[in-house]
Amino acid sequence: MRRLLATALFAVACATDAPAPPVAPPEEPENTGPNVILISLDTTRADALSCYSAENHWGLSFPAKSRPVPQTPVLDDIAAHGVRFSWALAHAPTTLSSHTSMLSGRDPHRHGVVRNGYSVPGDVPLVTERFAEAGWDTVAVLGSSALEVKMGMNRGFRDYHDPGPQPPGGMYMLPAEEVTKRALDRVDARPDTASPLFLFVHYYDPHMPWLFAPPDLVSQFVDPTYSGYVDGSMQAVGQLTRQRIDGTLRYGDARQARALYLAQVAYADRQVGVLLDGLRARGLLDNTVVMVVSDHGETLDESAVAPYSHGPEVALWDIHVPWLIRSYGDTRRIPEGAVVQRPVRLLDVAATLSATAGLGTAFGDGVDQSPLWTRAGTVPTTPIFSEATKPMKAESKEKWNNLPFERSVVEGGTMARFRPLQRGLATLHRVAPGAPTVDDVPLLKQQVKLLQAWDAAAPPHRPSEYDAETEAALKALGYLE
């Protein structure tokens, strides 16, 4: 009996000491979120797209019969099958600051990017980091060195492809056709094709100089009998500027400038179509959300103070930008043909992207705007603040750099523009085609007080950080005066 008991105890001990069979770790749930394609059109005012004809500021002083007309069939199709925001407004008329607002959900006073050349602070989260952490494969292809890697916009991207080193005298930009090619090449080179794709593509071509649109597109916009000096070069833009300021600009030259600008936008539109066709051929539009937006607009001949530029003013044509969203595959995600009439903030792009992908309805100070098209809820109205970033020679050296420059606030369908450099001139405008003036002194004072409260919370002065390479790029792109 004792022998049997000992044998039994030995057997139990051996069983206890024996290693347990390996347990497979729980499988992570497959990420079934949509592919997200974010397309940015640099320097594209909303009314450069034909689907924004109802919100047109375009050449209202030009004879209707000879006025050049936008032609953007690809973007028009996205709007027709998705959502179009009639009055999306940027917070600064400069590339890096505005893109930072898009991806951070903050306006310039909250993200601290003064203008191009001032990198994104490391403590400002970007929505691309959220997508990367949630399992999206994040890829970016940029058309301009204004968004180069060292500016900090690459955070959250596995693959961030800027124009790279330029030859002597280079423009530090890529034409739209090359941007499209590189974007599709980077997609083809993805090491992980099982994860959903977050692709950010930036087209720079609507920005000056207006030189890259192919002849077949240019011929659709220009007057074939025109024989003046306006050829789209920066030299021609300089002459246009001088003549507009001194009051000698001829109608034919102004029309030619508008035509060349529209041709550049049409070129970007065409390449968006090539990009989408390439993604479709690769099966990447089967469950996809495409968002198209611009960082800021462009002043052409509208202003006699700062014509043919962006940066010195925040009129509607400087900050009124297109914002379109469309679903491919799952058409229930985004409705077809919806139009949001209420003014919205560009800083809400991040939260709206996040919500559309199922990652949360807020990011930074931004909120998801989808209730405005789903009617499933409400979005609180919020003042929309914008500030100019030039002239740099007049910037503050002690307080926030941009405080002396023109600023605006939009609330309740009106816009107050305040110009500290012009003896504190303030004007009130309707958010409507042509930005007509409004004679309402009490309302103007109320909105200027909103601007003053916004400025009171501005960050401190930020010194410039340009290294020699970045300075050369900014000069080549026309950003340094």
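Asks: Lay out helix α2 (residues 73-80) with the relevant residues and their values.
Replies: For α2, the full list of buried residues reads Leu-75, Ile-78 and Ala-79. Projected down its long axis, α2 shows its buried positions confined to an angular sector of 100°, all on one face. Considering only its buried residues, α2 is in contact with β1 (35-41), β2 (83-85), α9 (251-281), β7 (288-294) and β9 (323-328).

Asks: Describe the sheet that holds strand β4 (residues 137-141), naming the residues involved and giving the relevant values.
Replies: The strand order across the open sheet built from eight strands is β5-β4-β6-β1-β7-β9-β2-β10, with neighbouring strands paired in mixed fashion. Every interior strand has two partners, whereas the edge strands, β5 (159-161) and β10 (338-340), have only one. Direction aside, the axes of adjacent strands within the sheet are offset by 10° on average. Sitting on the sheet, α9 is in contact with β1, β6 (197-203), β7 and β9, with an inclination near 160° to β6.

Asks: Give a detailed account of the layout of surface pockets, specifying residues and quantitative values.
Replies: Of the voids in this model, the largest pocket is the one considered here, and its volume is about 530 Å³. Lining of the largest pocket is provided by 24 residues; of these, Met-234, Tyr-308, Ser-309, Lys-390 and Gly-478 occupy positions nearest its centre. With six residues, the single largest contributor to the lining of the largest pocket is helix α8 (residues 234-246). When its residues are assigned to classes, the lining of the largest pocket shows 15 nonpolar, six polar and three charged. Here the second largest pocket is characterised by a volume of approximately 380 Å³. Sort the elements by how many residues they give to the lining of the second largest pocket and α9 lands first, with three residues. Along the lines of polarity and charge, the residues of the lining of the second largest pocket split into nine nonpolar, seven polar and eight charged.

Asks: An account of the packing of α2 against α9 is requested, with residue identities and associated values reported.
Replies: Where α2 meets α9, the axes come as close as 7 Å, and the angle between the chain directions of the two elements is 65°. Residues Pro-73, Val-74, Leu-75 and Ile-78 of α2 touch α9, and the partners they reach there are Asp-269, Val-272, Gly-273 and Leu-276. For the contact of α2 with α9, the per-class residue count stands at six nonpolar, one polar and one charged.

Asks: If you had to explain empty space enclosed by the protein to someone new, which residues and values would you point to?
Replies: Under the defined criterion, the tally for this structure stands at one cavity of 30 Å³ or more. Every residue lining the largest cavity is listed: Thr-94, Arg-115, Asn-116, His-310, Thr-389, Lys-390 and Tyr-479.

Asks: Describe the packing of aromatic side chains, naming the residues involved and giving the relevant values.
Replies: Going through the model one piece at a time under the given rule, you end up with nine aromatic pairs. Here Phe-85 and Trp-323 contribute two aromatic rings whose centre-to-centre distance is 4.2 Å and whose plane-to-plane angle is 25°, an arrangement assigned as stacked. Taken together, the positions of Phe-85 in strand β2 and Trp-323 in strand β9 put the pair 238 residues apart, joining distant regions of the chain. Of the two residues examined, Phe-85 and Trp-323, each falls in the buried class. Centre to centre, the rings of Phe-157 and Tyr-160 are 5.5 Å apart; their planes meet at 55°, and the pair counts as tilted. Note on accessibility: Phe-157 and Tyr-160 belong to one class, buried. The structure contains a cluster of three or more aromatic residues connected by ring pairs, namely Phe-131, Trp-136, Phe-157, Tyr-160, Phe-198 and Phe-200. We note Arg-84 situated over the ring of Tyr-52; from NZ or CZ to the ring centre the distance is 4.7 Å.

Asks: Mind laying out the confidence of the model for the protein, listing which residues take part and the relevant values?
Replies: A residue-level look at the protein finds 91% of positions with pLDDT of 70 or above and a mean pLDDT of 91. Scored below 50 in pLDDT, residues 1-18 shows zero contacts in the model against residues more than four places distant or in partner chains.

Asks: Got a sec to walk through the packing of helix α6 (residues 176-188) against α9? Specific residues and values, please.
Replies: Axis separation between α6 and α9 bottoms out at 9 Å; the angle between their running directions is 15°. The angle between the axes of α6 and α9 places the two elements in the roughly parallel class. Of the two possible hands of crossing, α6 and α9 adopt the one that is right-handed. Contacts between α6 and α9 pair Ala-176, Glu-177, Thr-180, Ala-183, Leu-184 and Val-187 from the former with Tyr-267, Gln-271, Val-274, Leu-275, Gly-278 and Leu-279 from the latter. In the contact of α6 with α9, the residues fall into eight nonpolar, three polar and one charged.

Asks: Give me the pairing of β7: which residues, what numbers.
Replies: Of all seven residues that make up β7, seven are buried, and the element is covered over most of its length. Every second residue of β7 is oriented toward a common face, with Thr-288, Val-290, Val-292 and Ser-294 on one face and Val-289, Met-291 and Val-293 on the other, all of them buried. Bridge count for β1 against β7 is seven bridges, and the pairing is parallel. Along β7, the bridge assignment pairs Ser-40 with Val-293. As defined by bridge partners, β7 adjoins β9 across six bridges and the pair is classed as antiparallel.

Asks: Now, about the pattern of salt bridges: what can you tell me, with residues and values included?
Replies: Across all of its chains, the model carries 24 salt bridges by this definition. A salt bridge links Glu-395 to Lys-397; the nearest nitrogen and oxygen atoms lie 3.3 Å apart. You can call Lys-397 exposed: its relative accessible area is 59%. Within the structure, one salt-bridge network assembled from shared partners comprises Arg-45, Asp-47, Arg-258, Asp-301 and Glu-302.

Asks: Please set out α9 residue by residue, giving values where relevant.
Replies: With 31 residues, α9 ought to run about 45 Å at 1.5 Å a step, and its terminal C-alpha atoms sit 45 Å apart, in line with that. Most of α9 sits out of view: 24 of its 31 residues are buried. Looking at the residues trailing α9, positive phi occurs at Gly-283, about 75°.

Asks: If you had to explain the environment of His-207 to someone new, which residues and values would you point to?
Replies: Inspection of the secondary structure assignment puts His-207 in the loop between β6 and α7 (215-218). His-207 gets classed as buried once you look at its relative accessible area, which sits at 4%. When the C-alpha positions of His-207 and His-310 are compared, they lie 9.7 Å apart, and in sequence the two are 103 residues distant. Ignoring any residue separated from it by four or fewer positions in sequence, one finds His-207 in contact with Asp-42, Thr-43, His-310, Leu-477 and Tyr-479.

Asks: An account of the sheet that holds strand β11 (residues 344-345) is needed here, citing residue identities and associated values.
Replies: Taken together, three strands build an open sheet; the order of strands is β8-β3-β11 and the sheet is mixed. Among the strands making up the open sheet, the edge pair consists of β8 (320-321) and β11.

Rules used throughout
- Every residue gets a number counted from 1 within its own chain, in the order that chain's sequence is written.
- Note on the predicted model: pLDDT of at least 70 is required for a residue's local features to be given, and 80 or more for side-chain atom pairs to be given and counted; whole-chain, interface and lining totals, by contrast, use all residues.
- Side-chain measures here rest on the full set of heavy atoms in the structure, leaving out hydrogens and waters.
- We call a residue buried when its accessible area falls under 20% of the maximum for its residue type, exposed when it is over 50%, and partly exposed in between, using a 1.4 Å probe and counting protein chains only.
- Counting from the N terminus, the helices are the DSSP runs of H or I reaching at least four residues and the strands are the DSSP runs of E reaching at least two.
- Relevant arc is that of directions from the helix axis to the C-beta atoms, nothing else.
- Contacts were defined at the residue level, with two residues in contact if any of their heavy atoms lie within 4.5 Å.
- Note: two strands are recorded as paired if DSSP finds a minimum of 2 bridges between them.
- Every axis corresponds to a line fitted to the C-alpha atoms, with the helix fit spanning only the stretch in contact, and the corresponding angles, defined between N-to-C directions, vary from 0 to 180 degrees.
- Cavities and pockets were defined on a 1 Å grid built over protein atoms only: a cavity is a set of grid points that admits a 1.4 Å probe from which the probe cannot escape, a pocket is an open set flanked by protein on both sides within 12 Å along at least five of seven lines, and lining residues are those with an atom within 4 Å of any such point.
- Grid points are joined across faces, edges and corners, and a volume is the space filled by probe spheres set on the points.
- Classification convention: Asp, Glu, Lys, Arg as charged; Ala, Val, Leu, Ile, Met, Phe, Trp, Tyr, Cys, Pro as nonpolar; all other residues, Gly among them, as polar.
- Note on aromatic contacts: the rings of Phe and Tyr and the six-membered ring of Trp form a pair at centre separations within 6.5 Å, being stacked when their planes are under 30 degrees apart, edge-to-face when over 60 apart, and tilted otherwise.
- Both a distance and an angle decide whether a charge sits over a ring: NZ of Lys or CZ of Arg must be within 6 Å of the ring centre and within 35 degrees of the ring normal.
- pLDDT is a per-residue confidence score from the predictor, ranging from 0 to 100.
- When an angle is under 35 degrees it counts as roughly parallel; over 145 it counts as roughly antiparallel; between 65 and 115 it counts as roughly perpendicular; any other value is oblique.
- Working rule for handedness: look at the near helix, and if it is turned counterclockwise from the far one by less than a right angle, call the crossing left-handed; if clockwise, right-handed.
- A side-chain nitrogen of Lys or Arg and a carboxyl oxygen of Asp or Glu constitute a salt bridge if their distance falls within 4 Å.
- A helix is expected to span 1.5 Å for every residue after the first.

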